[in-house]
Amino acid sequence: MPPTPLHGPGTPSPAGYRDLLDTAHAHAVRYLDGLPERPVHALAGDEELHALLGGPLPAEGQQPHDVLEQLTRGVERGLVPSGNGRYLGYVVGGTLPVALAADWLTSAWDQNCIVHDISPATAVVEDICRAWLVDLFGLPAATSAAFVPACTHAELLCLAVARHTVLARHGWDVAASGLDGAPPVRVLINATAHAAVVRSLEFLGLGGAVERVPVDAEARMLPAALDAAVRAADGHPLIVCAQAGEINTGGIDHLRTVCETTHAADGWVHLDGAFGLWAAASPTLRSNVADGVELCDSWATDAHKWLNTPYDGAVALIADPTAHRAALPLDASYLQLQPDQRHPVEWGLEVSRRSRVFPLWAALRTLGAQGVAELVDRCCAHARLLAARLRAEPGITVVNDVSLNQVIVTFAPSDADADADAVDARTLRVALALQAEGETWASPSTWQDRTVLRLCLINWATDRDDVERAAAALLRAHRTTG
Ligand SMILES: *Cc1c(COP(=O)(O)O)cnc(C)c1O
């Protein structure tokens, strides 16, 4: 039998890294350089992508270099260039160049980071970023952090800690005993809470405990309604889920009132601040819309939205580190854990994972506290400018206050007595016309039972010219759509 080759086509020699990474680098730079003028939509349909990339799994491998070429050629046709400054869809954000570069290095370093000794650099940089974020958001100094893949995961982790803590206050250890026979938990959520919050509560066995608190036109819980719901939950373990940055209006709950009301009933306030928590980093916005943010018990946020890091960047923050640890017992005697060091596995649900904190460190170190505030303020100023351009046009209605970075609009038909259904239908037609043109991209949404077009200003790369071009494209779609 011939010896197994050490370096066959699929196993490049160490020197092979250089060629492949050089090729990847060239493709990446070409793609990024082309972003500003590439149409802001995918170029190929699924059929073409299957033809380029699919077929049965080949029995024999191929040269890695050819594979990389084929990957690039195929995938690029189906990419939505969301890093373009005129991509206003969903709540997405771009990637700061330094964060992208740090992300590449993170892959090259390929660190697992279960415990301190498997990657001391990861453990220490997580501690540093914890302190930086606490400072940036003005949270209690002891606040603990877990670096997680996405805000949905952060919600799940925060709410697991909330569940454990409020049940412990009623003499029940949910980690040891489960939910069977536990005192019934009451969960009050902002009626417009993101699906990530609802889904996390369902995972935690609290789906049946959820009660939605009605909101005002900007998606903020009505204080009187919350007060009544908290009173009705009196004597039960209580969790209240507030929101900073509703995905349509950008609305932020009256956090001081929510926290005072909830804490008076010995409840836990969790804040979904996927993008809205970043308002706390802006001195102007903080006093206007994020007053009392530091009073919450837990915060879930994304770095991959408003901080503009690549995906796989989110943080769960817990005011009380003892509660955080108590909710995540870890029985792994094979791990030798020094008590005075950070062991990432003790703060999150994952065991093996990537060292995702480095792009976050690079973004924060590059921007500084002032740079983050400027980025947030600039996006909000762009949202106000876009709203002003649209408001000036007959037939277009800006539905929300635009107090943050979100703008929602409707497009009425020209006949004066069109009913609400006709406005819904036309808003959808204008959205499709806009997407097809490729100058800018935005997605329809439903807000208070009506169709709206949702415009999200959250990309570091968006400049004033992009905003003017996006406004012109929206006006064009409005004027030329029947
Ligand atoms: C995006 C978002 C989430 C979910 O975050 P992921 O990073 O997509 O998991 C939750 N809440 C709000 C308000 C969001 O905008």
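Our subject in this report is the structure included herewith. (Residues numbered from 1 in each chain as written. Predicted model: local features only at pLDDT ≥ 70, side-chain atom pairs only at ≥ 80, totals over all residues. Heavy atoms only, no water.)

1. Thoughts on empty space enclosed by the protein
Evaluation of the coordinates by the stated rule reveals four cavities of 30 Å³ or more. Looking at the largest cavity, its volume works out to about 90 Å³. Taken together, 16 residues form the lining of the largest cavity, with Phe147, Pro344, Gly348, Glu350 and Arg353 sitting closest to its centre. Here the lining of the largest cavity gets four residues from one element, more than from any other, and that element is strand 1 (residues 144-148). Split by residue class, the lining of the largest cavity holds 11 nonpolar, one polar and four charged. Of the voids in this model, the second largest cavity is the one considered here, and its volume is about 50 Å³. Lining the second largest cavity, in full, are Asp103, Ala303, Thr309, Pro310, Tyr311, Asp312, Gly313, Arg354, Arg356, Pro359 and Leu360. The residue inventory of the lining of the second largest cavity, partitioned by class, reads five nonpolar, two polar and four charged. (1 Å grid on protein atoms, 1.4 Å probe; cavity = no way out; pocket = protein on both sides within 12 Å on 5 of 7 lines; lining within 4 Å. Points joined across faces, edges and corners; volume = space filled by probe spheres on them. Helix = DSSP H or I, 4+ residues; strand = E, 2+ residues; numbered from the N terminus. Nonpolar A, V, L, I, M, F, W, Y, C, P; charged D, E, K, R; others polar.)

2. As for helix 5 (residues 120-137)
Because each turn of an α-helix spans 3.6 residues, side chains separated by three or four positions end up pointing in the same direction. For helix 5, built from 18 residues, the straight-helix expectation of 26 Å at 1.5 Å per residue is met to within 8% by its first-to-last C-alpha distance of 26 Å. Those residues of helix 5 not exposed but buried are Thr122, Ala123, Val125, Glu126, Cys129, Arg130, Leu133, Val134, Leu136 and Phe137. Where helix 5 is buried, its residues contact strand 1, helix 11 (283-289), strand 6 (298-302), strand 7 (314-318) and helix 13 (357-391). Directly beyond the C-terminal end of helix 5, a positive phi value near 65 degrees is found at glycine 138. (Expected span 1.5 Å × (residues − 1). Buried < 20%, exposed > 50% of the residue type's maximum accessible area, 1.4 Å probe, protein only. Contact = heavy atoms within 4.5 Å.)

3. A look at the site of the ligand
Of all residues adjacent to the ligand, which total 14 residues, the nearest are Thr152, Asp272, Asp302, His304 and Lys305. A distance of 3.0 Å separates an oxygen atom of the ligand from a polar backbone atom of cysteine 151. At 2.8 Å from a nitrogen atom of the ligand is found a side-chain nitrogen or oxygen belonging to aspartate 272. Considering the ligand on its own, with 380 Å² of exposed area, one finds that the protein chains cover 86% of that surface. Among the elements that take part in the shell around the ligand, helix 6 (residues 151-169) stands out by supplying three residues, more than any other. Here the residues of the shell around the ligand sort into six nonpolar, four polar and four charged. (Near = heavy atom within 4 Å. Polar contact = N/O pair within 3.5 Å; in protein donor to acceptor, adjacent residues only side chain to side chain. Areas by Shrake-Rupley, 256 points an atom, 1.4 Å probe, with all protein chains shown as cover.)

4. Overview of the sheet that holds strand 6
For sheets, the rule is that strands pair by backbone hydrogen bonds, running either parallel or antiparallel. One open sheet holds the seven strands; their spatial order is 1-7-6-5-4-2-3, and the pairing between them is mixed. Only two strands of the sheet have a single partner each, and these edge strands are strand 1 and strand 3 (210-213). When strand polarity is set aside, the average angle formed by the axes of neighbouring strands in this sheet is 20 degrees. Relative to strand 3, strand 2 (residues 186-190) runs parallel, the two sharing four bridges. Note that in strand 3 the partner of valine 187 across the bridge is valine 210. Against the sheet, helix 10 (residues 255-264) engages strand 4 (238-243) and strand 5 (268-272), with an angle of about 150 degrees to strand 5. (Pairing = 2+ DSSP bridges. Axes fitted to C-alpha atoms, helices over the stretch in contact; angles between N-to-C directions.)

5. Observations regarding the packing of helix 6 against helix 8 (residues 195-203)
Two elements in contact, helix 6 and helix 8, have axes separated by 9 Å at closest approach and are oriented at 45 degrees. Judged by the inter-axis angle, helix 6 sits oblique to helix 8. Judged by the sense of rotation from one axis to the other, the crossing of helix 6 with helix 8 is right-handed. From helix 6, Thr152, Glu155, Leu156 and Leu159 reach across to helix 8, where they touch Ala196, Val197, Ser200, Leu201 and Phe203. Across the contact of helix 6 with helix 8, the residue classes break down as six nonpolar, two polar and one charged. (Parallel < 35°, antiparallel > 145°, perpendicular 65-115°, else oblique. Left-handed = near helix turned anticlockwise from the far one by under 90°.)

6. Considering the nonpolar core
Residues Leu133, Phe137, Leu271, Trp278, Trp299, Trp306 and Leu360 are the most contacted members of the largest nonpolar core, which totals 60 residues. Listing elements by their share of this core, those giving two or more residues are helix 5, strand 1, helix 9 (223-232), strand 4, helix 10, strand 5, strand 7 and helix 13. The element best represented in this core is helix 13, accounting for 10 residues. Discounting residues that sit within four places of it in the chain, tryptophan 278 has contacts with Leu133, Leu136, Phe137, Thr301, Asp302, Ala303, Trp306, Leu307, Val372 and Val376. (Core = buried A, V, L, I, M, F, W, Y, C linked by side-chain atoms within 4.5 Å.)

7. Quick look at the pattern of salt bridges
Where charged atoms of side chains with opposite charge meet at close range, the side chains can pair. Under the criterion given, the structure shown has 27 salt bridges. Close ionic contact of aspartate 127 with arginine 342 constitutes a salt bridge, the shortest N to O distance being 3.7 Å. One end of the pair, aspartate 127, is in helix 5; the other, arginine 342, is in the loop between helix 12 (321-326) and helix 13, with 215 residues separating them in the sequence. The salt bridge partner of arginine 464 is glutamate 468, with a shortest N-O separation of 3.7 Å. Linking arginine 464 with glutamate 468, this pair stays in helix 15 (residues 464-480), spanning four residues, or about one helical turn. One continuous salt-bridge network, built from bridges that share partners, spans Asp103, Glu126, Asp127, Asp312, Arg342, Glu350, Arg353, Arg354 and Arg356. (Salt bridge = Lys/Arg side-chain N within 4 Å of Asp/Glu carboxyl O.)

8. Digging into the environment of glycine 207
Its place among the elements puts glycine 207 in the loop between helix 8 and strand 3. Classification of glycine 207 as partly exposed rests on a relative accessible area of 34%. Taking C-alpha positions, glycine 207 is 49 Å from threonine 23, a pair spaced 184 residues apart along the chain. Dropping the residues within four chain positions of it, glycine 207 is found in contact with Leu201 and Glu202.

9. Looking at the pairing of strand 4
Burial runs high along strand 4: six of the six residues are buried. As defined by bridge partners, strand 2 adjoins strand 4 across four bridges and the pair is classed as parallel. Pairing of arginine 186 across the sheet is with leucine 238, part of strand 4. Bridge count for strand 4 against strand 5 is five bridges, and the pairing is parallel. Bridging across to strand 5, cysteine 241 finds its partner in histidine 270. Handedness of the crossover is the feature at issue here: the chain leaves strand 4, passes through helix 10, returns alongside strand 5, and the resulting connection is right-handed. (Right-handed = clockwise from strand over helix to strand, strands pointing away.)

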